[in-house]
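Breakdown of the fold
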Amino acid sequence: MSQPAAGIAGRVVEDRTIPANGDWSGRMRAGQVLRLVDLEGQQAIDFLCYSAADPSERYNAADSLKLAGSLFLTTGHGLYSDMGRRLFTIVADTCGRHDTIGGCCSAESNRLRYGVEGTPNCRDNFLRALARLGLGKKDIVANVNFFMNVPAGPDGALAIAPGLSRPGDYVELRAETDVLAALSNCPQIYNPASGYRPTPIRLVLYDPA
Ligand SMILES: [Zn+2]
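Here's what I pulled together on the structure shown here. Since this is a predicted model, take the numbers as computed values, not measurements. (Residues numbered from 1 in each chain as written. Predicted model: local features only at pLDDT ≥ 70, side-chain atom pairs only at ≥ 80, totals over all residues. Heavy atoms only, no water.)

**Let's talk about the sheet that holds strand S4 (residues 45-51)**
Rules: At least two bridges found by DSSP between two strands are what make those strands a pair. Numbering of helices and strands runs from the N terminus; a helix is a DSSP stretch of H or I covering at least four residues, while a strand is a stretch of E covering at least two. Helix axes are fitted to C-alpha atoms over the stretch in contact, other axes to C-alpha atoms as well, and angles between N-to-C directions run from 0 to 180 degrees. Contacts between residues were defined by any pair of non-hydrogen atoms, one from each residue, lying within 4.5 Å.
If you trace the 4 strands from one edge of the open sheet to the other, you get S2-S9-S4-S7, paired in antiparallel fashion. Each having just a single partner strand, strand S2 (23-28) and strand S7 (144-146) make up the two edges of the open sheet. Direction aside, the axes of adjacent strands within the sheet are offset by 25 degrees on average. Relative to strand S9 (residues 179-185), S4 is paired through 7 bridges, and the arrangement is antiparallel. The residue of S9 that forms the bridge with Tyr 50 is Leu 180. In the packing of helix H3 (residues 122-131) onto the sheet, the strands contacted are S2, S4 and S9, and the crossing angle to S9 comes to about 145 degrees.

Printed below as a string of structure tokens:
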């Protein structure tokens, strides 16, 4: 355990630092809160979630964007399942810009886009994290990318742009039902998703007071 997390009112269940290219997965009860801290800034965190009762019900990026009425996710927005259920609500966000259209990086897309082989990637990290939940390849869907900046231009132009998060920025996610969650601390160095310099994050899971 590291020092108590600032501003957390409640009982801390888990508090850990996750290195660049690390992963995490866990089960959360309804009402529990997950705080993800971008310790050094400009660090993408790829995130997936499922209903714990039936993990075939999972995060749906398209419905979450439609319900948010925005291309970017922030405070007050829900992470919705494909069964129209709110799995999480973003209850705090000091950054204000999170993506859910860019998807996760993979060795295959890095080869296609950058001509490099065998790179560390979020897809492999998801597979490690999901295996601990009894889930696998078929359970990887379009994910949330916290702190990743994917602006869309008026002409539809799309890019992965340098992240807007500063050191210490955080997002808090409240589970709205019992959920399973998995994340990859993105190791990408071929685009600015993680500032070309992937860095550690801190994860705090707690029961609010
Ligand atoms: Zn990645």
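Continuing now.
**Comments concerning the sheet that holds strand S8 (residues 169-175)**
Pairing is antiparallel across the open sheet formed by 6 strands, whose spatial order is S1-S10-S3-S8-S6-S5. Single-partner strands in this sheet number two, and they are strand S1 (10-18) and strand S5 (78-80). Neighbour to neighbour, the strand axes of the sheet diverge by 20 degrees on average, direction disregarded. Both strand S6 (residues 86-93) and S8 contribute to a ladder of 5 bridges, which runs antiparallel. Among the inter-strand pairings, Phe 88 is bridged to a residue of S8, identified as Ala 175.

**Let's talk about the coordination of the zinc ion**
Heads up, the condition is: Excluding water, the donors of a metal are its N, O and S neighbours within 2.8 Å, or within 3.2 Å for Na, K and Ca, and that exclusion means sites may look incomplete. With a 1.4 Å probe rolled over the protein chains alone, any residue whose accessible area is under 20% of its type maximum counts as buried; one over 50% counts as exposed, and the rest are partly exposed.
Taken together, Cys 105 (SG), Cys 122 (SG) and Cys 186 (SG) make up the protein donors of the zinc ion, found 2.2 to 2.3 Å from the metal. One chain supplies every donor to the zinc ion, and in sequence these donors are spaced C-x16-C-x63-C. Note that Cys 105 is positioned in the loop between S6 and helix H2 (107-114) and Cys 122 in helix H3, a separation of 17 residues in sequence. The class for Cys 105 is buried, based on a relative accessible area of 9%. Classification of Cys 122 as buried rests on a relative accessible area of 0%.

**Some remarks on the side chain of Arg 202**
Under the convention used in this document: Here a polar contact is recorded for every N or O atom pair within 3.5 Å, except that within protein the pair must consist of a potential hydrogen donor and a potential acceptor, and residues adjacent in sequence are included only if both atoms are side-chain atoms.
Relative to the helices and strands, Arg 202 resides in strand S10 (residues 201-208). You can call Arg 202 buried: its relative accessible area is 11%. Only 2.7 Å separates the side chain of Arg 202 from the side chain of Asp 15, close enough to count as a polar contact.

**Observations regarding helix H1 (residues 61-68)**
Note the cut-off: As used here, the arc is the angular range of directions from the helix axis to the C-beta atoms.
Residues Ala 61, Ser 64 and Leu 65 constitute the buried set of H1. One face of H1 carries all of its buried residues, which in axial projection span an arc of 95 degrees. Within H1, the exposed residues directed more than 90 degrees away from the buried face are Lys 66 and Leu 67. Of the surrounding elements, those touching the buried residues of H1 are S5. Capping the start of H1, Asn 60 holds a side-chain oxygen 3.2 Å from the backbone nitrogen of Ala 62, two or three residues further along. One or two steps after H1, the chain reaches Gly 69, where phi turns positive at roughly 65 degrees.

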